[in-house]
Every structure is written in C-alpha cells, then in structure tokens.
Amino acid sequence: MSDKLHLLGISKAELEDLAAAAGEPRYRTTQVFKALHQRRLRSFDEITDLPKRLRATMAEKAVISSLSVESRYVSTDGTRRYLMKTADGYSVETVYIPTENRDTICFSSQSGCPLKCDFCLTAKLGLLRNLTPGEIVEQIIIVLNDVYGVGAETPHGTNLVGMGAGEPFLNFDNLIAALRIMADEDGLFIVPNRVTVSTAGIVPRIYDLAQLDDRPHLAISLAAPTDELRQRLMPINKKWDIDALMKAAKEFERSLKRGERFTFEYVMLGGVNDTDRHAVELANLLGRYRLKKVKVNLIPHNGAEQLDYTASTPEQVLRFKSILESRDVSAYVRSPRGRDIYAACGQLAAKSEGSRLDSARSAVLSA
Ligand code: SF4
C-alpha cells in the first residue's frame, strides 16, 4: 500500500484538522471534501478552484485515487461488475444493480474472504487483505462516475449493500468509517437508512452494531436452521453457533426503532437446505427466539463450476416461502441479477477476461 494518505478515507472533521495543521483557512475543508465526494473529481489537477500551490502540496502527501478498473462486465439485465485492483495489486469487486426507481451498489469490504462458506466462490480466494476506508468509498465513486459521468447528479438515490467480497464485520472499523464518510451531506450523502451490511455471523460485532445510532441495516446470512447443517455450509458456525447468533440477533432486534426490521438471508441449495422440513425448522427457530421484526430473504443459489451445489427449483423456493408465511414469517424471494457476468451473490471471485465469462455471453468492455 502507498504511504500516502488516501483522502477519500478521511472524514470532514479529520480533513479540517489537517487543513488547520497546514495553516489553511477553514473554508478549504468543505471545498476539498465537496470536490472529492460531491463532485467526485478523480485527480488534484481537476480541482481547479484550489490554488496550484495547494494542489501540488496535497499531491505530494496524499492520493485521491488508488483503485484501477481492470475490467468491466455488463450483463444483459443492465447489472455491471467491476474488477478493480488496489495500488498493491489486490482484487476488488463491485457490482452496480439498476432497478426502475433506484440504483444499488454492492461493494466489497475485503479482497477475498477468510470465511469458507461452502456455497461461495469468493471463499476460494481466501483472505487477501482488508480494504481501507478510502478503498471502500472509492468503489462507490468509481461506479457512480462510470454510470452517470464525473460529478453528474444521480437521478435517484443510491442504495448500498455490503455484500460483495469479504466479511464486512471482520473489517468493522474501516467499514463504519467509510459509511460515515459516505453519509456526509457535503459528500455522497448516502445515509445509513440506505445501506445494508451482511454478516456471516460475527457475533460480537452484531452486539457492537446494536450500540451505534448511525448504523446501517443488518442482514445475517443464515443458510441453515440447524447447527449440524450450518456447520457444514458455513464453518464460522463452529465458532459462533446458532444459539449465539440468535441471541445476538435478539439483542439487535431490541435496539430497532419502530418500523425497522432486520433480515436473515437464506441461500437456497437444491436438496440441501430447501426441503419442507427445513422451512418448518426455520420458522420454529425464529419462533423459539421470539424474533418478530425480521424478514427472510430467500436467495436462489448462483451456481458455478467449482461449487458442488445446484439452485433450488423455482417451485420449491415458492413452496418454502409459503410454508414460512403460513407460520407468520415474512419471506421474500430475491431475484438473481447479473448471473451471466458472475456478479450475483456468492459469485465474486475476481473472474477476469479469458475465464468462463466468454462462454457466459458477457460483454467485456474496457473501462
Ligand atoms: S458468503 Fe460472504 S462471508 Fe461467506 S465466504 Fe463468501 S464472501 Fe465470505
């Protein structure tokens, strides 16, 4: 990593301290912060309303761009997947998912992932390293500039999901720092209510999140209603079993405000965790812990050559959903996006040109 400070990863308050230490007037802080986050300028030279002298000094000590886009893949459904590289050569993947009234950007919190969820391609990479706050923020800026043009207003709000590569709660401090920077009204202004972060079940951090006033929405990846099965699918269950996870979820539920809910994500693996019995067990589990402010997102598995699982049939997904609903559990089916470009859930594994993408009919555009 470069020794230079990544300015996208520092808050306005920190920037103010730096400006004061350098003897710069106070108004420079907002000017620079807005240039980086609101106008989304990508080099110091583009900030032409700053004196040349100041731009040169800043460039000596800091960077505002450290990720490079290696490839960009565009799905037939409009989803875009970006394969980026950090300055020290680690892969970062980010996905843009357009829908009619909103855009969602799925960002990565780590390069690779140390957890070994059996149904996930990213797991095959192992952990490469945690991403810095600047690298997390920069992913969003790169995507917005690519989709709308540098600094152009976005037609509708942007939602963020921390469900790309990595386990966000193993990079908790950097994650929260990045989200706070992105929530600033002089910057991207993506407020916590528009952000959802998913964890595989890092229990202590669920308690920590419950303490934060400015926290994002929480999604917990469950994938199985019993310890025996969950342990097989998500080895993190050996460290924190379902009982520990549910107690943390209950505590989180207590901290929710009126009208708020949190989510359990349930990847649907054909014949493995998707039978009627599993649906009943799942409803019973939520009932045992009296979890009420919760919804279950059913996610049809996204296959890949290296994974041993197949997707549940659409009929079984609907059956599973109706069993949950008949037991008063709110359940939704998440439609997969960007499967053809390996952008769907659990598919991010730094796949690049020359890989199976070609046979997946993907449009490969150089960014
Ligand atoms: S599902 Fe998430 S936590 Fe599990 S291995 Fe994949 S990226 Fe990591």
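Here, the structure is the one placed above.
Residues numbered from 1 in each chain as written. Predicted model: local features only at pLDDT ≥ 70, side-chain atom pairs only at ≥ 80, totals over all residues. Heavy atoms only, no water.

Caption draft 1: Here's a closer look at the site of the ligand. Cys113, Leu115, Cys117, Cys120, Thr122, Ala123, Gly166 and Ala200 make up every residue found near the ligand. Class assignment of the residues belonging to the shell around the ligand gives a composition of six nonpolar, two polar and no charged. (Near = heavy atom within 4 Å. Nonpolar A, V, L, I, M, F, W, Y, C, P; charged D, E, K, R; others polar.)

Caption draft 2: Region of the structure containing the environment of Ala331. Relative to the assigned elements, Ala331 resides in strand β14 (residues 330–333). Considering only alpha carbons, one finds Ala331 and Lys295, 36 residues apart in sequence, at a separation of 5.7 Å. Residues within four places of Ala331 in sequence aside, it is in contact with Val296, Lys321, Leu324 and Glu325. (Helix = DSSP H or I, 4+ residues; strand = E, 2+ residues; numbered from the N terminus. Contact = heavy atoms within 4.5 Å.)

Caption draft 3: Structural view of the side chain of Gln139. One can find Gln139 in helix α4 (residues 133–148). Judged by its relative accessible area of 0%, Gln139 falls in the buried class. (Buried < 20%, exposed > 50% of the residue type's maximum accessible area, 1.4 Å probe, protein only.)

Caption draft 4: Geometry of the pairing of strand β5 (residues 91–98). A large share of β5 lies buried, amounting to eight of its eight residues. Judged by which residues are buried, β5 turns out to be covered on both faces: Ser91, Glu93, Val95 and Ile97 on one side and Val92, Thr94, Tyr96 and Pro98 on the other are all buried. In this structure, strand β4 (residues 80–85) lies alongside β5, joined through six bridges in antiparallel fashion. Paired with Arg81 across the strands is Val95, a residue of β5. The antiparallel hairpin formed by β4 and β5 contains five residues in its connecting segment, where Gly89 sits at a positive phi of about 90°. (Pairing = 2+ DSSP bridges.)

Caption draft 5: Here's a closer look at the nonpolar core. Ranked by size, the top nonpolar core spans 99 residues in total, and within it Phe119, Leu233, Phe262 and Phe264 carry the most contacts. Sorting elements by how many residues they give to this core places α4 first, with eight residues. Every residue in contact with Leu233, bar those within four places of it in the chain, is listed here: Lys116, Cys117, Asp118, Phe119, Ala223, Ala224, Leu269, Val272, Asn273 and Tyr309. Grouped together as the second largest cluster of nonpolar side chains are six residues, Val95, Ile97, Cys106 and Met163 included. (Core = buried A, V, L, I, M, F, W, Y, C linked by side-chain atoms within 4.5 Å.)

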